[in-house]
Amino acid sequence: MDFNLTEEHLMIQQAARDFAQNELLPGVIERDEKQIFPTEQVKKMGQLGFMGMMVDPKYGGSGLDAISYVIAMEEISKVDASASVVMSVNNSLVCWGLQEFGTEEQKQKYLPGLASGEIHGAFCLSEPEAGSDATSQKTTAVDMGDHYIVNGTKNWITNGNTASVYLVIAQTHPELKHKGINALIMTKDMPGFSIGPKEQKMGIRGSDTHSLMFSDVKVPKENRIGEDGFGFKFAMKTLAGGRIGIASQALGIASGAYELALKYSKERKAFGTEICNHQAIAFKLADMAVNIEAARHLCMKAAWDKDQHKNYDVSGAMAKLFASQVAMDTAVEAVQIHGGNGYVKEYHVERFMRDAKITQIYEGTSEIQKIVISRSVIAG
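Residues numbered from 1 in each chain as written. Predicted model: local features only at pLDDT ≥ 70, side-chain atom pairs only at ≥ 80, totals over all residues. Heavy atoms only, no water.

Caption draft 1: Up close: empty space enclosed by the protein. Evaluated as defined, the whole model comprises 1 cavity of 30 Å³ or more. Space inside the largest cavity adds up to approximately 40 Å³. Looking at the lining of the largest cavity, the element that brings in the most residues is helix 2 (residues 28-34), giving 3 residues. Looking at the lining of the largest cavity residue by residue, the classes come out as 1 nonpolar, 2 polar and 4 charged. (1 Å grid on protein atoms, 1.4 Å probe; cavity = no way out; pocket = protein on both sides within 12 Å on 5 of 7 lines; lining within 4 Å. Points joined across faces, edges and corners; volume = space filled by probe spheres on them. Helix = DSSP H or I, 4+ residues; strand = E, 2+ residues; numbered from the N terminus. Nonpolar A, V, L, I, M, F, W, Y, C, P; charged D, E, K, R; others polar.)

Caption draft 2: Molecular detail of helix 5 (residues 81-101). Spanning 21 residues, helix 5 covers 28 Å between terminal C-alpha atoms, matching the ideal 30 Å at 1.5 Å per step. At cysteine 95, helix 5 shows its maximal bend, which comes to roughly 30°. Summarising burial for helix 5: 19 of the 21 residues are buried, a large majority. Near the N-terminus of helix 5, the side chain that reaches the backbone nitrogen of serine 82, with its oxygen 3.0 Å away, is that of aspartate 80. (Expected span 1.5 Å × (residues − 1). Bend = angle between axes of the 7 residues up to and from the residue. Buried < 20%, exposed > 50% of the residue type's maximum accessible area, 1.4 Å probe, protein only. Polar contact = N/O pair within 3.5 Å; in protein donor to acceptor, adjacent residues only side chain to side chain.)

Caption draft 3: Structural context of the domain arrangement of the chain. We note that the domain assignment places domain 1 (7-120), domain 2 (122-228) and domain 3 (232-379) within the chain. Using C-alpha coordinates to define each centre, domain 1 is positioned 20 Å away from domain 3. Contacts between domain 1 and domain 3 engage 28 residues on the former and 34 residues on the latter. Summed over both sides, the interface between domain 1 and domain 3 buries roughly 2400 Å², with carbon and sulfur atoms accounting for 66% of that surface. (Domains from an automatic or database assignment. Contact = heavy atoms within 4.5 Å. Buried area = accessible area lost by both parts, 1.4 Å probe.)

Caption draft 4: The arrangement of the environment of proline 128 in detail. Within the secondary structure, proline 128 sits in the loop between strand 1 (121-124) and strand 2 (140-143). Residue class for proline 128 comes out exposed when judged on its relative accessible area of 54%. Other than its neighbours up to four places away in sequence, proline 128 contacts Thr153 and Asn155.

Caption draft 5: The arrangement of the packing of helix 8 (residues 279-307) against helix 9 (residues 313-338) in detail. Close contact between helix 8 and helix 9 brings their axes to 9 Å; oriented N to C, the two are set at 155°. Comparing the axis directions of helix 8 and helix 9 gives the class roughly antiparallel. With respect to the hand of their crossing, helix 8 and helix 9 are arranged in left-handed fashion. Between helix 8 and helix 9, the residues in contact are Ile281, Lys284, Leu285, Met288, Asn291, Ile292, Ala294, Ala295, Leu298, Cys299, Ala302 and Asp305 and Ser315, Gly316, Met318, Ala319, Phe322, Ala323, Val326, Thr330, Glu333, Ala334, Gln336 and Ile337, respectively. (Axes fitted to C-alpha atoms, helices over the stretch in contact; angles between N-to-C directions. Parallel < 35°, antiparallel > 145°, perpendicular 65-115°, else oblique. Left-handed = near helix turned anticlockwise from the far one by under 90°.)

Caption draft 6: Region of interest: the UniProt feature "domain: Acyl-CoA dehydrogenase/oxidase C-terminal" (unreviewed entry) in the chain. Summarizing the sequence annotation, UniProt attributes the feature "domain: Acyl-CoA dehydrogenase/oxidase C-terminal" (unreviewed entry) to residues 231-377 in the numbering used throughout. The distance from the first to the last C-alpha atom of residues 231-377 is 27 Å, and the span holds 78% helix and 3% strand. (UniProt positions renumbered as here; feature names shortened; annotations may be inferred.)

Caption draft 7: Representation of the layout of surface pockets in the model. Size it by volume and the second largest pocket reaches roughly 610 Å³. Surrounding the second largest pocket, 18 residues form its lining, Asp2, Phe3, Asn4, His297 and Met300 being those nearest its centre. Elements with a contribution of two residues or more to the lining of the second largest pocket: helix 1 (7-24), helix 4 (66-77) and helix 8. Per element, the largest residue contribution to the lining of the second largest pocket is 6 residues, and it comes from helix 8. Classifying every residue of the lining of the second largest pocket gives 7 nonpolar, 5 polar and 6 charged.

Caption draft 8: Structural view of the packing of aromatic side chains. Taken as a whole and judged by the stated rule, the model has 9 aromatic pairs. Taking 5.3 Å as the distance between ring centres and 70° as the angle between the ring planes, the aromatic pair formed by phenylalanine 193 and phenylalanine 214 counts as edge-to-face. Of this pair, phenylalanine 193 sits in strand 6 (residues 193-198) while phenylalanine 214 sits in strand 7 (residues 209-220), placing them 21 residues apart in sequence. By relative accessible area, phenylalanine 193 is classed as buried at 9%. Centroid distance phenylalanine 230 to phenylalanine 234: 6.4 Å. Interplanar angle 55°. Geometry classified as tilted. Each member of the pair phenylalanine 230 and phenylalanine 234 is classed as buried. The structure contains a cluster of three or more aromatic residues connected by ring pairs, namely Trp96, Phe101, Phe123, Phe230 and Phe234. Its guanidinium or amino end placed over the ring of tyrosine 148, lysine 221 lies 5.3 Å from that ring's centre, counting from NZ or CZ. Taking NZ or CZ as reference, arginine 351 lies 5.3 Å from the ring centre of phenylalanine 352, over its face. (Phe/Tyr/Trp six-rings, centres within 6.5 Å; stacked < 30°, edge-to-face > 60°. Lys NZ or Arg CZ within 6 Å of the ring centre and 35° of its normal.)

Shown next as C-alpha cells:
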C-alpha cells in the first residue's frame, strides 16, 4: 500500500485549492443568498480541466484518473458545494456515461464541449413518483421507427436550466418494466421541451435545480444510448460512479467546516484561554479529524477500485454513506464551536450545514446505499 499522492495529484490538489480560494470564495455567500448560478466560475473550471477530468484527451478531456477527480472535488467543495455539484454531475453522470456507453458519433458531437466547460450537462432520472424507486419511470419514449416521442416530467434536475445536453431516462416498453427503459440524449431546443421554475432549496442554493417537462418531444433514434432497453442499466452504472463524486463533495464540505472550526477555536477565547484548550472543544475537533480521515480513505478506495477496473458498487456506496454522515455531523459541530457566530452567514459554517444535508439524499439516499451494501454483505 502506498498512501502518498503522486506529484501529479499534488499539482491537481494545489490547482483546485487555488481556484477555490481565489475564484469561488469571493462572492460565495452572495451567490448562496441570492441563488446565483456560478456561470463564470464554471467556465473557468472548464478552462482548468475540471469539467471533463476523466474524459479521454482525444475528446478534449483531461484524461485523469478517478483519484484526481476525488482530490479536486474535495478542494472545490471545501469552499462552494454549489459549484462542485455542477462539476460532479458533468463529470460523473454526463461525460462518463457518454464516454463509456455512447456511440463514436455521440462522443464526437457532445464530449468536446462538455469536457471544455463550454457547455455542461444534466442527468434526468428522478420523477414525482420515481425517486429512490428508479424502476417506476412514468416518462415515456414511444418508438416511432426512426425517432421516439417523449412525454413526462423530471424533478430535481441539477443544471436543469443552464445545461445544454440532457441524458433522459424514459420507459419505452412498460410490459418489460425496468428492462424496457431507454436513455436518450436531449437538448432544450427540441420542440415540446420546457423548464419549470427554479427550486427554492435549503442548501446548494447556487446550483440550478428545476423540473423538466416533455410534451410530444421528438428525439431521433440515433440519440439513444446503447441498445433498446439498456436505459435502466445505464442509469445504475452511471450513478455508481456518481456516488464517488458526491462522497467527495461530502468529504469537502466536512473538511471545509472542520478547517474553519479549528481556526476559529484557536482565535476565540473563553474563560481566559482559546477555546481549543477546553476539552469539550478539543474532543469535538478530534472526532472531526478522525471521521474526515476515515471518509477520505473510503473515497480514495472507491476511486482506486474504479481506476483498477474493479467493481466499485459497494465501495462507492460505502464512501457516500459514510462521507455524507460525516459532512452532516462535522458541519453541525462546526456551527456549535462557532457558538452564536456559527448562526451568522459571514462565518460560512451555517451554509456548510445546509449544504451537507443533500449529500445524504441525492444520487441515492443513505437508505439506498445501505440496501446496496447489505445485499453484498449477505450474499458474501
